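Here is how the chains run, residue by residue.
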Amino acid sequence: MDALVIHSPILIIAIPLLAAFLTPLISKASNRARDVLVIAALAFTEFLVIVLAKDIYLTGIHVYTLGASSPIVTIPEQYMVPVRIILEVDAMSIFAGIMSATVCLAGAIYSLSCVREETGKDRFYTLLLLLTVGQLGMEFTGDMFNLFVFLEILSISGAALAAFRTRFADAVEGGFKYMVISSVGALLVLFATGIFYAQYNLLNIAALAQAMQYTMLDKIALTLLVIAFLMKSGGVPLHWWVPDTYTPAPAGVSPMIYSATLACMYALYRICFTLYGVALNAATIGWIVIIAGVLSMFVGVTMALHQSDVKRLMAYHVISQGGYMLLGVGVGLAVLDNPEALATYGREAISGGLFHVINHAFFKGLLLLTGEALFYRLGTRDLNKMGGMARNMKFTCVFFLIGALAISGVPPLNGFASKLMIYEAAYQLNPILTIVAMIVSIITLASFTKVFQSAYTGPALSQYKDVKEVPMSMLIGMGILAGATIFFSLFPSLVVNTIIYPAADALIDQAAYINAVMGGV
Amino acid sequence: MATSVPTLDYWAPLVCLIAFVILIAVTYLFRSRGRKQYKKGTAQTEIFLSGEEPPDTEERHIRAYNIYWGFFQGLKRYYDPTIKAHSGIINDYIIWLIALMSITAVILTIVSLT
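## A look at the overall build of chain B
If you tally the helices and strands in chain B, you get five helices and zero strands. Overall, chain B shows an N-to-C arrangement of helices and strands of α-α-α-α-α. For 114 residues, the compact-globule formula gives about 13 Å, and the C-alpha radius of gyration of chain B, at 29 Å, lies well above that figure. Across its three principal axes, chain B shows a C-alpha extent of roughly 85 × 45 × 25 Å. Classification of the 114 residues of chain B by burial places 18% in the buried group.

## A look at a negative patch on the surface
A cluster of acidic side chains, namely Glu 46, Glu 53, Asp 56 and Glu 59 of chain B, defines a negative patch on the protein surface. Turning to its location among the elements, Glu 46 of chain B is positioned in the loop between α1 (13-32) and α2 (57-60).

## Focus on the state of the cysteines
Here, the word disulfide means a covalent bond between the sulfur atoms of two cysteines. Residues and elements named next belong to chain A. A complete count under the given rule lists zero disulfides over all chains for this structure. The structure places no disulfide on Cys 272, whose sulfur is separated from the nearest cysteine sulfur, that of Cys 264, by 14 Å. For Cys 272, a relative accessible area of 1% gives the class buried.

## Examining a nonpolar patch on the surface
Taken together, the side chains of Phe 487, Phe 491 and Leu 494 of chain A together with Leu 14, Leu 17, Ile 18, Phe 20, Val 21, Ile 22, Ile 24, Val 26 and Phe 30 of chain B make up a nonpolar region of the molecular surface, amounting to roughly 1,100 Å² of accessible area. The leading source of residues in the nonpolar patch is α1 of chain B, at nine residues.

## Some details on the interface of chain A and chain B
Quite often, the size of an interface is put as the accessible area lost when its parts meet. Between chain A and chain B, the residue contacts involve 72 residues of the former and 48 residues of the latter. Of the roughly 5,100 Å² buried between chain A and chain B on both sides combined, carbon and sulfur atoms contribute 72%. For the pair chain A and chain B, the number of links is zero salt bridges. There are eleven residue pairs in polar contact (both at pLDDT 80 or more) connecting chain A and chain B. No other element matches helix α11 (residues 282-306) of chain A, which puts nine residues into the side of chain A that touches chain B. When the residues that make up the side of chain A that touches chain B are grouped by side-chain class, the tally is 42 nonpolar, 21 polar and nine charged.

## What about the environment of Ala 108 of chain A?
All names here are of chain A. As for its position among the elements, Ala 108 is in helix α3 (residues 91-114). Classification of Ala 108 as buried rests on a relative accessible area of 0%. When the C-alpha positions of Ala 108 and Ser 473 are compared, they lie 9.5 Å apart, and in sequence the two are 365 residues distant. When neighbours within four sequence positions are excluded, Ala 108 is seen to be in contact with Val 38, Ile 39, Leu 42 and Leu 128.

## Quick word on the confidence of the model for chain B
Overall, the predicted model of chain B reaches an average pLDDT of 86, with 92% of residues at or above 70. ipTM for the predicted complex: 0.87, alongside a pTM of 0.89.

## Focus: the packing of aromatic side chains
Applying the stated rule across the entire model yields 22 aromatic pairs over all chains. Plain terms: the ring middles of Phe 145 of chain A and Phe 148 of chain A are 5.8 Å apart, the flat faces sit at 45° to each other, and that makes the pair tilted. Of this pair, Phe 145 of chain A and Phe 148 of chain A both sit in helix α5 (residues 144-162), three residues apart, which is roughly one turn of that helix. Given a relative accessible area of 11%, Phe 148 of chain A falls into the buried group. An angle of 90° between the planes, with centres 5.3 Å apart, marks the rings of Phe 72 of chain B and Tyr 79 of chain B as edge-to-face. Accessibility expressed as a relative area gives 2% for Tyr 79 of chain B, which makes it buried. Put simply, the rings of Phe 298 of chain A together with Phe 71, Phe 72, Tyr 78 and Tyr 79 of chain B pair up and form one aromatic cluster. Against the face of Tyr 501 of chain A rests Arg 347 of chain A, its NZ or CZ located 4.2 Å from the ring centre. In this structure, Arg 381 of chain A packs its charged tip against the face of Phe 375 of chain A, placed 5.4 Å from the ring centre.

## Regarding unusual backbone geometry
With an omega of 5°, the peptide bond running from Val 236 of chain A to Pro 237 of chain A counts as cis. Considering the arrangement of structural elements, one finds Pro 237 of chain A in the loop between α8 (216-232) and α9 (241-246). Of note, Ser 50 of chain B is a non-glycine position whose phi angle comes to about 55°, a positive value. Positive phi, close to 65°, is recorded for Tyr 68 of chain B, a residue that is not glycine. Position of Tyr 68 of chain B relative to the elements: it lies in the loop between α2 and α3 (69-74).

## With respect to the packing of helix α4 (residues 121-140) of chain A against helix α10 (residues 253-276) of chain A
All names here are of chain A. Relative orientation of the contacting elements α4 and α10 amounts to 20°, with a least axis distance of 9 Å. Here α10 runs roughly parallel to α4, going by the angle between their axes. As for the relative orientation of α4 and α10, their crossing is left-handed in sense. Here Phe 124, Leu 128, Leu 131, Thr 132, Gln 135, Met 138 and Glu 139 of α4 come into contact with α10, specifically with Val 253, Met 256, Ile 257, Ser 259, Ala 260, Ala 263, Cys 264, Tyr 266 and Ala 267. Broken down by class, the residue content of the contact of α4 with α10 amounts to twelve nonpolar, three polar and one charged.

## What about the pattern of salt bridges?
All names here are of chain A. The tally for this structure, following the rule as stated, stands at twelve salt bridges over all chains. Here Arg 123 and Asp 122 are joined by a salt bridge, their closest N and O atoms 3.9 Å apart. Classification of Arg 123 as exposed rests on a relative accessible area of 58%. Under the relative-accessibility criterion, Asp 122 is labelled partly exposed at 22%. Taking the shortest distance from any N to any O, the salt bridge between Arg 165 and Glu 372 comes out at 3.2 Å. With Arg 165 in the loop between α5 and α6 (169-200) and Glu 372 in helix α13 (residues 339-378), this pair connects stretches of sequence that are 207 residues apart. Considered together, Arg 165 and Glu 372 belong to a single accessibility category, that of buried residues. Put simply, Glu 173, Lys 177, Asp 244 and Arg 312 are held in one network by salt bridges that share partners.

Cut-offs and rules
Residues numbered from 1 in each chain as written. Chains lettered and ligands numbered in written order. Predicted model: local features only at pLDDT ≥ 70, side-chain atom pairs only at ≥ 80, totals over all residues. Heavy atoms only, no water. Helix = DSSP H or I, 4+ residues; strand = E, 2+ residues; numbered from the N terminus. Rg over C-alpha atoms; globule rule 2.2 N^0.38 Å. Buried < 20%, exposed > 50% of the residue type's maximum accessible area, 1.4 Å probe, protein only. Patch = residues over 30% accessible without salt bridge, like charges linked within 9 Å, V, L, I, M, F, W, Y side chains within 5 Å. Areas by Shrake-Rupley, 256 points an atom, 1.4 Å probe, with all protein chains shown as cover. Salt bridge = Lys/Arg side-chain N within 4 Å of Asp/Glu carboxyl O. Lys, Arg positive; Asp, Glu negative; His and termini not counted. Charge placed at Lys NZ, Arg CZ, Asp CG, Glu CD. Disulfide = S-S within 2.5 Å. Contact = heavy atoms within 4.5 Å. Buried area = accessible area lost by both parts, 1.4 Å probe. Polar contact = N/O pair within 3.5 Å; in protein donor to acceptor, adjacent residues only side chain to side chain. Nonpolar A, V, L, I, M, F, W, Y, C, P; charged D, E, K, R; others polar. pLDDT = per-residue confidence, 0-100. Phe/Tyr/Trp six-rings, centres within 6.5 Å; stacked < 30°, edge-to-face > 60°. Lys NZ or Arg CZ within 6 Å of the ring centre and 35° of its normal. Axes fitted to C-alpha atoms, helices over the stretch in contact; angles between N-to-C directions. Parallel < 35°, antiparallel > 145°, perpendicular 65-115°, else oblique. Left-handed = near helix turned anticlockwise from the far one by under 90°.

Here it is in structure tokens:
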């Protein structure tokens, strides 16, 4: 078991990667065997993430050096700096890892039935596993260049999956836009990495954080990185691609692209807090993030309210709820260099933002799956053409209600708990932020009331009288995310104390991240 | 002077859940005391609309485009430019990216000089 824990950082990335390459081969023999392989690989990855998480909460940061005599030897003899590829997993990384692994497993199970009638399933599952690899790699990597590499893996697989149903013109267009946006974002990250390497001869994040001088070039690199990851996170005014890409993406893939978006948000936090940390002009960057968050909340929700395409409406809510996450963490970032404010409300704001990240991954993932379930059975995403589906799709309706009430912040669901933390902390910085956040929450409820009224209630429509509930594997996929939402709703203090506070503390504690690699150097 | 914000320790969702279950039980109790001797398939179970003939099933359902119509009309001056900005053209997306990147770089430079 000890060996499993020690090697788990690389196994968590290697297992889905190996399964991705095996999938086309196994597909030649049997589709059923391929499905078993995909689910087994993702389930084992989830198991490893949980095992590693448990150990990190007990013993602290894990580092894993590839190619070294021992994985924990980060700096070779006769060297002063790390030169090998290092994975560094702290409480923040594993928090993001838990989220990605769970959403990807649920998405894959959901996809089993949903893409059964599609062609090219060997490629679909290969890309699905690569998307998982990209997310987990971004979350666990300890150096800038590999952050770029995993971002590329995530982007290419995400774009191909978004465009998977090539018979739909909007799917191809959505995939193309995601590819262009991702390529531009990745180039900005590569350019920033080049700036760091030219200045410091370093690629490792911990070593760079220790050497950071915050020169003019570093400021340019910071601009490139913040903008690139803000765009990939769907923050306003760089959110345009989100509804175009999410709407036509196949079932099961939408939540995974969403967790990929959250992995990019994780990278934004990692850059600001860990790479720059105390060297940063925290108030300036913090307020840039806060303004982006407030704009995202408001523009996202008002645009969502206006939509009549159920998945496009939910895609706009991705932007809107992302705003809460940016607001929470932005408040913490704005007071990073003020120890008193950080202790009194900054840490709580970051924790609220992070709690909303994982809550939202589950209930938004669930909502995207219910939206796709409607499309799967009705053949349309147009709310104007729907009605009375609560009669035919009872379980989907219940899952939708759980997700809708949670995202709207209705007590006692988990969305309320995380929003409450953000409201209370943001109020200390500026009460207007809390007022805007509360108004957005009310409009969110109005928006999902519209979906519930249009799609699920009303008289039974004659054209849908034969519509049946979705297949079992789709229900299981939704059930996993609904179960996680209910668990987080009933035990918010347990979740916050176990995984959220350690993640927030890891984000704030730049020295611990540096010391795990650099030791006493 | 900032005051320390409370943690989630005081928030007890289980109490909410218990209250919800009690509410459901009371609702069910009221419902179970309703009259059971009505006759199905007669005028007793049909829609009563002040003596008027109720519209067909398709027409009775309020469609999504009817919902919040007044809200959108009231905020027309906000919605018109916002929807127009969502052009769907990838070139526009990149222009926004370049503009925001420039503004951020300028802000960071000015702040570091002051």
